[in-house]
Amino acid sequence: MFTGIVEEIGTVREIAFPGGQESDAVLTVHGPLATSDAHLGDSIAVNGVCLTVTGVGQDGTFTADVMPESLRRTALGDLVAGSPVNLERAVRADTRLGGHIVQGHVDGVGELVRRTPGGRWDDLVLSAPAGLTRYVAEKGSITVSGVSLTVTHVDETTFGVSLIPTTLEATILGSLVPGGRVNLEVDVIAKYVERLLGARGTHASGAPGSTTAADLLGTSAAQE
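The paragraphs below set out a description of the structure included in this document. In this text the structure is predicted, and so the values were computed from the model without any measurement. (Residues numbered from 1 in each chain as written. Predicted model: local features only at pLDDT ≥ 70, side-chain atom pairs only at ≥ 80, totals over all residues. Heavy atoms only, no water.)

Our focus in this paragraph is the side chain of H100. Relative to the assigned elements, H100 resides in the loop between β6 (84–89) and β7 (108–117). Of note is the side chain of H100, whose polar atom sits 2.7 Å from the side chain of S148. Contact partners of H100, with chain neighbours within four places excluded, come to F2, T3, G4, S141, I142, T143 and S148. (Helix = DSSP H or I, 4+ residues; strand = E, 2+ residues; numbered from the N terminus. Polar contact = N/O pair within 3.5 Å; in protein donor to acceptor, adjacent residues only side chain to side chain. Contact = heavy atoms within 4.5 Å.)

On to the sheet that holds strand β12 (residues 181–186), then. Spatial ordering of the closed barrel is given by β7-β8-β11-β10-β9-β12, a layout of six strands whose pairing is antiparallel. Along the sheet, successive strands turn relative to each other by an average axial angle of 45 degrees, direction set aside. By the bridge criterion, three bridges tie strand β9 (residues 141–144) to β12 in an arrangement that is antiparallel. Looking at β12, one finds that I142 is bridged to V186. (Pairing = 2+ DSSP bridges. Axes fitted to C-alpha atoms, helices over the stretch in contact; angles between N-to-C directions.)

This part covers the sheet that holds strand β2 (residues 25–30). Consider a sheet: its strands pair through backbone hydrogen bonds, and that pairing is either parallel or antiparallel. Overall, antiparallel pairing links the six strands, which are arranged β1-β2-β5-β4-β3-β6 in a closed barrel. When the angles between neighbouring strand axes are averaged without regard to direction, this sheet yields 45 degrees. Strand direction decides the pairing type here: strand β3 (residues 43–46) and strand β4 (residues 49–56), joined by four bridges, are antiparallel. From the neighbouring strand, A45 faces β4, where its bridge partner is C50.

What follows is the structure, encoded as structure tokens:
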């Protein structure tokens, strides 16, 4: 589990495809902080994708296997040697949860539609895959390439975020240009709520989705 608070910007040293371009990939990333206490089997989020450390070098690098499924469903396939990446080690139980609960399981790939510079901040409008914005709420949280951000507005196909100076300087979002692809992970709570509503609706009437949030709240109040 992660928090969406990027610890450092790493650099891709190599991305290899041992079985050919249609196979899995082996990613080598330089990140001195991320590897400072890394061990085999640890989790590190690379641009918001949870990867398992398969090797740790003496030069501040680590390697990770990227399955074909991850290459298809995320923007990791866009990476080349020299690409900067956001890195975050898995959260420890004794640290502050500075962002929000992030699993590192990407829900879709979006694109930067528009960037509007402010006084000391930038406002970004990003697209989302069809149907994904139903999980996004204004003033709620979303993870963009591993960065926990607060949603400023949302419609059926796009949403907005604002980047403070620290985010501009300490993550790769500071250099993102229109058309650039980003990994998106919505708040996991929204997905579980939808699943719960569907399950309750099926159980009650055999028709998925027939139970509403109001129904659940009413049931809970009645039980109290």
